[in-house]
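Summary of the model geometry
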Amino acid sequence: MIRDLARLGDILDKLISLGSNQLRGMSFEVSNAETLKDAARSQALKIARRRAELIAKAADAEVGEVLVIREGSASTNGPRPMYEATRAAAQAVPIETGQQGSSATVTVTWALD
C-alpha cells in the first residue's frame, strides 16, 4: 500500500528497473471511506426531510412519523493512473492525481398528518 502518491511514479520506475514488465490490479482507495459515506447518508436524510416538508406544506399537510427508509450508496469511479505515451528516461512515470467521492441515496416514506 502506497499512501504518498507523489512517490508512486518513482516506485513504478524502480519496479521496471528491477525487471518488472507487467502491472496488474492498481487501484486507489479512500482511507476513511466509511466515515465519508456516513456523512453523505446523514446529509441525504436531511435533504429528504427538507423536501418532504416542502411538499407536505404545499399539500396543506405535515410530515409525520417515518414509515420506511431504504438506503443505497455508491462511490463514483475513482481516479485512474494516466501514463504518458513517451517520456524522457530521467523522469519518473507520471501519475495524474484525481478525486474519488462518495454519495448516498435514501428513499424515505413518511406518514402525513
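Our subject in this report is the structure included herewith. (Residues numbered from 1 in each chain as written. Predicted model: local features only at pLDDT ≥ 70, side-chain atom pairs only at ≥ 80, totals over all residues. Heavy atoms only, no water.)

Time to look at unusual backbone geometry. Phi at Asp60 takes a positive value of approximately 55°, unusual for a residue other than glycine. With respect to the helices, strands and loops of the structure, Asp60 is situated in the loop between α2 (33-58) and β1 (63-75). (Helix = DSSP H or I, 4+ residues; strand = E, 2+ residues; numbered from the N terminus.)

Membership of the largest hydrophobic core is limited to 10 residues, which are Ala40, Ala44, Ala48, Ala52, Ala56, Val63, Ala104, Val106, Val108 and Trp110. Elements that contribute at least two residues to this core include exactly α2 and β2 (102-112). The element that contributes the greatest number of residues to this core is α2, accounting for 5 residues. Excluding residues that lie within four positions of it along the chain, Val63 makes contacts with Arg49, Ala52, Glu53, Ala56, Trp110, Ala111, Leu112 and Asp113. (Core = buried A, V, L, I, M, F, W, Y, C linked by side-chain atoms within 4.5 Å. Buried < 20%, exposed > 50% of the residue type's maximum accessible area, 1.4 Å probe, protein only. Contact = heavy atoms within 4.5 Å.)

Let's shift gears to helix α1 (residues 8-17). Within α1, burial applies to Leu8, Gly9, Leu12 and Asp13. Take α1 and look down its axis: the buried residues cluster within an arc of 140°, on one side only. Facing away from the buried side of α1 by over 90 degrees, the exposed positions are Lys14 and Ser17. Phi turns positive one or two residues past the end of α1, at Gly19, with a value near 110°. (Arc of directions from axis to C-beta.)

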